[in-house]
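So the chains spell out like this:
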Amino acid sequence: MQIGRLLGVVLTAVLGAIGPAAADALKDEAIARLAASHEPDVPLAVGRLAVKQAGLGAARTLLAQRGRDAGLGRGWNAAALEWNEAEAHFSRIVDGVIARGIEDPEWLRAIWTDQAARVLNAEEADEIATHFATLNGREQRIVVEVKVVGELLLASYTFTERISDRVPGSERDFASMQTVWAEREPFRVRNFEGDAGAARFGSRNPGVKYVRMLAIQGVDAMLGHINAVCAEAVRAVSDAAAQAAPFLETYRLRTAN
């Protein structure tokens, strides 16, 4: 019998012989192992870029409006030295929001944990976590993280033009996201032929319902978090609006003559 399935049978027997509290503890442990098996890099890369571009967009809108209010004329634009200095200042504010809201992967682990606990029992969580620890299981996990979760996240932002490859100031974050994708070789053909565990994960429950959960509830929860951090970045720029004044004044004095 395959090791993963044998462990599942043993776990089922154990769960039938212990009380509810101990069973809950076993489920929590299996869910925690499953959540820990996922790599956060793909959602973090998408989130980082989405928040950066949202914040930069808010900063440029703010600078343009402040310039109009101050009567600075058409010369107050992205070609002006002071505009670029102001933009860099606000970009650092946005980076602080990203550091607090995106970079720490605990928000992702909470999503993986909560959503998995909704659809899996202890035996099922243990089976998937055990499978992901194998060579082909790791490869299947990577495929799911990039081709299912990653592509759905990215599509949500690119189709609504909230992520673009044409936003100055976010080039490093865009390149970082591309690197994350390339490192996982999304277009490489992976051959799982003859691997019973891989076949089971890809064609039957609990693997099928777990991937479905990641694609629907999991992605929805990730989008909810990233969107909330995007909104926080926009608010942070707005709250710091007065900090644009010195840059506008420097520009006004420089161009007065």
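You'll find the structure just up there.
Residues numbered from 1 in each chain as written. Predicted model: local features only at pLDDT ≥ 70, side-chain atom pairs only at ≥ 80, totals over all residues. Heavy atoms only, no water.

1. Side note on the nonpolar core
Line of reasoning, step 1. If you look at the biggest cluster of nonpolar residues, it comprises 67 residues, and the most contacted ones within it are Leu-34, Val-51 and Tyr-210.
Line of reasoning, step 2. Among the elements that line this core, the one with the most residues is helix α10 (residues 207-239), at 13 residues.
Line of reasoning, step 3. Apart from residues no more than four positions distant in its own chain, Tyr-210 is found in contact with Leu-34, His-38, Ala-116, Leu-120, Ile-128 and Phe-132. (Core = buried A, V, L, I, M, F, W, Y, C linked by side-chain atoms within 4.5 Å. Buried < 20%, exposed > 50% of the residue type's maximum accessible area, 1.4 Å probe, protein only. Helix = DSSP H or I, 4+ residues; strand = E, 2+ residues; numbered from the N terminus. Contact = heavy atoms within 4.5 Å.)

2. As for empty space enclosed by the protein
Line of reasoning, step 1. Here the structure, examined in full by the defined rule, presents 1 cavity of 30 Å³ or more.
Line of reasoning, step 2. Roughly 50 Å³ of internal volume is contained in the largest cavity.
Line of reasoning, step 3. Forming the walls of the largest cavity are His-38, Glu-39, Pro-43, Trp-112, Glu-145, Val-149, Leu-214 and Met-222.
Line of reasoning, step 4. Those elements that provide at least two residues to the lining of the largest cavity are α7 (135-158) and α10.
Line of reasoning, step 5. Of the residues assigned to the lining of the largest cavity, the class counts are 5 nonpolar, 1 polar and 2 charged. (1 Å grid on protein atoms, 1.4 Å probe; cavity = no way out; pocket = protein on both sides within 12 Å on 5 of 7 lines; lining within 4 Å. Points joined across faces, edges and corners; volume = space filled by probe spheres on them. Nonpolar A, V, L, I, M, F, W, Y, C, P; charged D, E, K, R; others polar.)

3. Remarks on the packing of helix α6 (residues 122-132) against helix α9 (residues 196-203)
Line of reasoning, step 1. Where α6 meets α9, the axes come as close as 11 Å, and the angle between the chain directions of the two elements is 130°. Here α6 lies oblique to α9, going by the angle between them. As for the relative orientation of α6 and α9, their crossing is left-handed in sense. Where α6 approaches α9, its residues Glu-127, Ile-128, His-131 and Phe-132 are matched on the opposing element by Gly-197, Ala-198, Arg-200 and Phe-201.
Line of reasoning, step 2. Its residues assigned to classes, the contact of α6 with α9 comprises 4 nonpolar, 2 polar and 2 charged. (Axes fitted to C-alpha atoms, helices over the stretch in contact; angles between N-to-C directions. Parallel < 35°, antiparallel > 145°, perpendicular 65-115°, else oblique. Left-handed = near helix turned anticlockwise from the far one by under 90°.)

In short, geometric facts, not functional conclusions.
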